[in-house]
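Reading the structure
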Amino acid sequence: FPSHDRTGYALWQVARKIPFKTGVDLVAKCKADWLRTEATVRESNKIDYNANPRLKVLISRARRVVFEILGDFRDAEWMAACSFSGGASTQRKRCESEIQNKYSDSHHTTKHAAPLIKEIFGDDSVTGYNSARWSSVEKDAKSRRDITIQTQGNMFLQKGLGNMIRKRLQLVGIDLNDQSNNQRWARIASETNAYATVDLTTASALMSFTLVEA
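This report concerns the structure included in the present document. (Residues numbered from 1 in each chain as written. Predicted model: local features only at pLDDT ≥ 70, side-chain atom pairs only at ≥ 80, totals over all residues. Heavy atoms only, no water.)

Observations regarding the overall build of the protein chain
When helices and strands are counted, the protein chain shows nine helices and four strands. Starting at the N terminus and walking to the C terminus, you meet the elements of the protein chain as α-α-α-α-α-β-α-β-β-β-α-α-α. Structurally, the protein chain occupies a C-alpha span of about 60 × 45 × 35 Å along its principal axes. Considering the protein chain as a whole, with its 214 residues, one finds that 22% of them fall into the buried category. (Helix = DSSP H or I, 4+ residues; strand = E, 2+ residues; numbered from the N terminus. Buried < 20%, exposed > 50% of the residue type's maximum accessible area, 1.4 Å probe, protein only.)

Looking at unusual backbone geometry
It is generally the case that most residues other than glycine have a negative phi and that most peptide bonds are trans. Backbone geometry at Thr202 places phi at a positive 50°, although glycine is not the residue there. One can find Thr202 in the loop between helix H8 (180-192) and helix H9 (209-213).

Some words on the pairing of strand E4 (residues 143-149)
Where strand E3 (residues 133-140) meets E4, seven bridges bridge the pair, whose relative direction is antiparallel. When the bridges of E4 are listed, Arg133 appears paired with Ile149. From the end of E3 to the start of E4, which pair antiparallel, there are two residues. (Pairing = 2+ DSSP bridges.)

Remarks on the pattern of salt bridges
A complete count under the given rule lists eight salt bridges for this structure. Residue Glu43 pairs with Lys46 through a salt bridge whose shortest N-O separation is 3.1 Å. Given a relative accessible area of 59%, Lys46 falls into the exposed group. A salt bridge links Glu77 to Arg74; its shortest N-O distance comes to 3.7 Å. In this structure Arg74 comes out as partly exposed when scored by relative accessible area, which is 46%. Each of the salt bridges in this network shares a partner with another, and the network as a whole consists of Lys29, Asp33 and Arg36. (Salt bridge = Lys/Arg side-chain N within 4 Å of Asp/Glu carboxyl O.)

Considering the side chain of Arg168
Mapped onto the secondary structure, Arg168 falls in helix H7 (residues 152-170). For Arg168, a relative accessible area of 10% corresponds to the buried category. The residues contacting Arg168, other than those within four sequence positions of it, are Ile69, Leu70, Gly71, Asp72, Arg74 and Glu77. (Contact = heavy atoms within 4.5 Å.)

A word on the packing of aromatic side chains
Applying the stated rule across the entire model yields nine aromatic pairs. Ring geometry for Trp34 against Trp134: centres 5.9 Å apart, planes inclined by 45°, an arrangement best described as tilted. With Trp34 in helix H2 (residues 26-44) and Trp134 in strand E3, this residue pair connects regions lying 100 residues apart in the sequence. Judged by centre distance (6.3 Å) and plane angle (65°), the ring pair of Tyr103 and Phe121 falls under edge-to-face. Taken together, the positions of Tyr103 in helix H5 (residues 99-103) and Phe121 in helix H6 (residues 114-121) put the pair 18 residues apart, joining distant regions of the chain. For Tyr103, a relative accessible area of 42% corresponds to the partly exposed category. (Phe/Tyr/Trp six-rings, centres within 6.5 Å; stacked < 30°, edge-to-face > 60°.)

Quick look at the side chain of Ser89
By the secondary structure assignment, Ser89 is in the loop between helix H4 (75-81) and H5. At 2.8 Å, the side chain of Ser89 forms a polar contact with the side chain of Gln152. (Polar contact = N/O pair within 3.5 Å; in protein donor to acceptor, adjacent residues only side chain to side chain.)

Focus: the nonpolar core
Residues Trp78, Ala81, Cys82, Phe84, Ala113, Ala114, Ile117, Val126, Phe156, Leu157 and Met164 constitute the largest nonpolar core, which totals 11 residues. The dominant element in this core, judged by the number of residues it contributes, is H7, at three residues. Non-local contacts of Ala114, meaning those with residues more than four positions away in its chain, are made with Thr109, Val126 and Tyr129. (Core = buried A, V, L, I, M, F, W, Y, C linked by side-chain atoms within 4.5 Å.)

A closer look at the packing of H6 against H7
Two packed helices can be described by the angle between their axes and the distance between those axes. Two numbers describe how H6 lies on H7: the axes approach to 10 Å, and their chain directions differ by 80°. Judged by the inter-axis angle, H6 sits roughly perpendicular to H7. Together, Leu116, Ile117, Ile120 and Phe121 of H6 and Gly153, Phe156 and Leu157 of H7 make up the contact between the two elements. In the contact of H6 with H7, the residues fall into six nonpolar, one polar and no charged. (Axes fitted to C-alpha atoms, helices over the stretch in contact; angles between N-to-C directions. Parallel < 35°, antiparallel > 145°, perpendicular 65-115°, else oblique. Nonpolar A, V, L, I, M, F, W, Y, C, P; charged D, E, K, R; others polar.)

If you want it as C-alpha cells, here you go:
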C-alpha cells in the first residue's frame, strides 16, 4: 500500500492475522529459528569484554549508568516486591492460573531457586526441580512466536525483580507501566515523518548471558 493509504494499511494489518493454510509447519519453523538464535547467543557468550579495549570502555560506561539508576540491591525490598502473576506456568495452564491457586501450590522450581522458595513458603513449598518449557504462540498467519513457560517458583522471584527495576526506573522518569509517552511520539512520527521507531529482529532474544552479566 502507498505510505499515505492508512485505511489500506489498517486492513492489511487485520488480514495478515487471519489463519490460512501455508503448507509450512509453522511450529517446526519457529523452533528452527529459535535454535539458530540460541546458537548465535552461545557464540556471543564466548566474548571476553575485557580483551577488547573499546568494548571494555563501553561496558564500563554502561555499567556506571545502570548502577546510577538501579542503585544497590536490597534483599528485603526484593522479597516485598515478589508476587505471582496470572500467567501460565510449567504446572498450571492459563485457564487455571488464578493467583490464589498458585499461592496454595507446592511449586515447580529450578534447583538454584528452590532454597529461596523454601525460605519464603516453607520446606513443603517445592514439589520438584524443573526447567522452563519451550512453546510458541500465533504471531500472524505465516509465523509463530517462541515463548518460554517458566517454573512457578521462579516466576514469583522474577516478578519481584521486575517490580524493583520498574520502581527504580520511575524515579528517573521512565514509567514502563505507562505507554502514553510512546504513543505520543508514535503520533508525532506519523504526522511529521521526522521520527521513526526501530524494531530489530529477535533483539531481546539475542541478549547473551555474558553481556547482561558484564
